[in-house]
Each structure stands twice: as C-alpha cells, then as structure tokens.
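The primary structure of each chain is shown beneath.
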Amino acid sequence: MKLILLSGGSGTRLWPLSNDARSKQFLKVLENEDQQLISMVQQLWGQLKQSKLSEDSYIATSQSQVEMMQSQIGAEVPLIIEPERRDTFPAIALAAVYLYSVKGASLSETITIVPVDPLVENNFFETVKELEEVLNESEADLALIGVKPTYPSSKYGYIIPEIEEVEEAGKGGYKKVRSFREKPTEAEAEELLSQQALWNCGVFAFKLGYLISLLEQLNMPIQYDELRKQYHVLPKISFDYQVVEKANNIAVIPYAGCWKDLGTWNTLTEEMKNKQIGKGIISEDCHNTHLINEIDIPVSIVGLSDIVVAASPDGILVSSKSASTRIKNYINYNQAPRYEERKWGWVRILDDQIYEDGRCVATKRVGIRAGENLSYRMHTYREEVWTIVNGEGEFLQNGNYMKVKAGNILHIPMKTLHTLKATADIELIVVQSGLYHEENRIVELYSTWKEITESCLKTL
C-alpha cells in the first residue's frame, strides 16, 4: 500500500498566522512529548513513522509549500509537486500517475489518500492499514474511513451507509455506502445520526488501476511528464465530486476514536496545551482566552473571555472564538506573505516601501540554521546590503570567499552571484532595493554547498 498525503490550502481560516506560503498544517502550536512546539504535519509524519507507514508515503503539495515542508520534516521526504493549485482531483491524479509511470507501481497496488492536517490518535493508522483488506474483500471501487460523530455537526460532510453491516469483513467490519451529504444543517445532521451516518474525514483508498482507467476514459495522459504539461487545463474539481460520488460500489470502515479537524481558531485553541505562545500577558480574570504572538511586540489582554488574539508579521486578529469561523470574510488584504519558512531557515519582512521616484525598498530579517546555506544566486534587478547581526558563516561572491560574523556589512550589486553558509546559526538584516517597474528575477546556479564548493572553490 502506498500513501499519498494531501497538503494544500491557502491559509485563510487561521489568518494571520497562516497564509499562501504557510497553511494551517505548518503552524507550530501543538506540543510533543518533550513539550516542544510542533506543527500538524510534523505530528502526522511522526505518527506515520511509529505506524511504519512513512517509508511508503508521498506528499502531494504545491510549489509554494516545498521549502516549508522540507524545513519541517526533512529534505528526504518524497514530494509530488503540483505545477499549480487545481483542487484535489488533479492533485490525486498527478500523484497516481507519478506512482504508475515513474515509480513503476503495479495497477493492483492499493493507493490511500490521507490529508495532512487532522488531529488523530495513533490507532487511527491501524484503521488506515485495514483499507487494503476491505478493498480486497469487498471488491469495492473505493474504501473510505468514516468517523463516528460525537455531535450533530454542520461543519463536516457525511457518509450514509447501508443499515445492514457486512459481517466478518475486515477486523472491525465495514459497511456499504448508500449516499453522501455535504455539510447539512444541525437539524439535518441530527436526522443523519439516526441513520448511522459518519463524518467524512477525507481518508480513502482505491486500486491504482481503478484511477488509471478513469483517467483514460477522460482522455487524460497517464504518463507523468505529459500530465504535468497539461495540468493547467485539468478541471478544478474535488476528488469527491469527480470520482467518489460517481462510484457505484463504495465501502466504509467506521472509526470510533479521536478525529478532529483543526481548521478554525476555535478548534485549534482547544488542542493547545498552553493558553499563551509568545510575548504578552493574559489577565487572571480572562477565561478561555488564547494568545498566539509571533512578533516581538508584547500583547496584553485584560478582562476579555472566550476570545483569541493572534499576531504575526501578516497582521493581528482579535476575535471571539464563536465568530472566528467568519475570518475569511474580513481578510481581503492585497499583500504577499510577510513570514515564510524555508528549507534553510526563515524570512521575515520588516518593511516594504515604494517611493515616488519609482524605487522599491524591502527590509527583511533572515535566519539560516547552522550547516544550511542559500543557493548560489543572483538578482537581476535588485541590489542588497546585508548586515550580519548574529552568528557566523562563510560568504561567497563571484567566486571570492570570506568568513563573516556579527558586525560585518556586505554589499551585493545587481547581477552578482552570491551565497552564504551558516557555520553557526546566523541572522542578518537584508535591505533590498531597485526600481519597481523592473521585475526582479532570481537566477540560481547551484543549491547544495557541495556543488558550490566543487564549482567555485577548487583552489581552496
């Protein structure tokens, strides 16, 4: 069995901590056993390792999330990168074709789809392992996991099974699916619960040959390189609408353990072990109030209960928890992400200005972890001034090598190749300037330090 982990999302529901580059699954607000802050994707990958599923897992993600994914769970994790975002059906189709035409997976291979952002117990993955057995025994087109609801929620889709449960089928038994219902009202959800309906958690499995056959029927390429070339014309549609709801034979495994979608501030703060992360104070008369502060300015909350305050370089949110689900209606700000994690560290935009004479100046704080390095690159229409404020490293500019440390100031003209490797954790202030009407491009020659040193430092 091969697992495809879906990592997408634009990050609107957990603004301002999440954005186009850092969706909710990357927010470090959960705690591991060592009381270290970790993200949802880090927690899920750790659970896959414990369940011995990680070696057969691939992550389908967008180009904008690649560096953050590599930063959080390692550069060795296999990624299947979408050329652009086009919903779950194109993403799953691309991943399936990759396994078929590039990795040589058999048409009889079981492919299981798992979102990267739910909160689940470790035993959930024992149920995931059962999907292959259910597919084989039931001869269904698809096998799903349905979570037994704990209350009549209007936030989730529902799987409505046939009432008769198939006996002696799999470890926990499975049911045939009768129909689906997308996000009902609470009153409708009450009725669905009486029909033994299950929450649709987005986890399902199919034989690789089933999807390859469907793609052929739709006249879509089943070779990876060709499908990537045509990716921009694939329909923007979910896998549920394109495939699941059209399938005639579907089985579902009921799961009674913990499963939670941490997609809103209300649900996310329920899982936070500390009511405060970052600088600030919450007064003692505040109840069920949470503060998540990623900026260096302290935030004080006095006498306010049932609220969440979140602050990041992208903005500040103050909301009652009950209203936090409406946040996406109030964040129509036309700005690029002001904080991004990279595979080598992080970047925080401190200031970004355009002046009357057409100059644009961006000031950034950049951190590079010890042992990591920037690519060997140049900017086509921007010059930079770097001030090293902490740490030390090795700097290379147009083949000229020097060691740098806190207090050094470096000038990098336009169209000048340069890189920096951190020998200890290093931080720098970067002032980047140029003309606004000249679109800047970054030209990268080499990415690893080995490539850079072999090509540019042969004489050292």
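Residues numbered from 1 in each chain as written. Predicted model: local features only at pLDDT ≥ 70, side-chain atom pairs only at ≥ 80, totals over all residues. Heavy atoms only, no water.

Visitor: Hey, could you run me through the pattern of salt bridges in this one?
Guide: When the charged atoms of two side chains lie near each other, side chains of opposite charge can form a pair. For the structure on display, the rule yields 13 salt bridges. Of the charged contacts, one joins E126 and K129 as a salt bridge, the two residues approaching to 3.4 Å between their closest N and O atoms. With E126 and K129 both in helix α4 (residues 124-138), this residue pair falls three residues apart, about one helical turn. According to the relative accessible area criterion, K129 is partly exposed, its value standing at 33%. Put simply, E188 and R181 hold a salt bridge, and the shortest N to O gap is 3.0 Å. Taking the relative accessible area as the measure of exposure, E188 reaches 32% and is therefore partly exposed. Each of K24, D117 and D261 takes part in one network of salt bridges that share partners. (Salt bridge = Lys/Arg side-chain N within 4 Å of Asp/Glu carboxyl O. Helix = DSSP H or I, 4+ residues; strand = E, 2+ residues; numbered from the N terminus. Buried < 20%, exposed > 50% of the residue type's maximum accessible area, 1.4 Å probe, protein only.)

Visitor: I tried to follow the side chain of H290 on my own but got confused; where do I start?
Guide: Examined against the element boundaries, H290 turns out to sit in strand β16 (residues 290-293). A distance of 3.4 Å separates the side chain of H290 from the backbone oxygen of T269, its partner in a polar contact. For H290, the side chain forms a polar contact with the side chain of K321, separated by 2.7 Å. Discounting chain neighbours no more than four positions away, the residues touching H290 are T269, M272, N274, K275, I282, I301, I307, V308, V309 and K321. (Polar contact = N/O pair within 3.5 Å; in protein donor to acceptor, adjacent residues only side chain to side chain. Contact = heavy atoms within 4.5 Å.)

Visitor: Would you take a moment to explain the nonpolar core for this structure?
Guide: Taken as a class, soluble globular proteins show a tendency for nonpolar side chains to be buried jointly. With 44 residues, the main nonpolar core has L5, I59, F124, F125, I145, V203 and W259 as its most contacted residues. Among the elements that take part in this core, α4 stands out by supplying six residues, more than any other. Counting residues in each nonpolar core, the second largest holds 42 residues, with I4, L94, F204 and L215 among its members. (Core = buried A, V, L, I, M, F, W, Y, C linked by side-chain atoms within 4.5 Å.)

Keep in mind that these numbers describe shape and distance, not what the molecule does.
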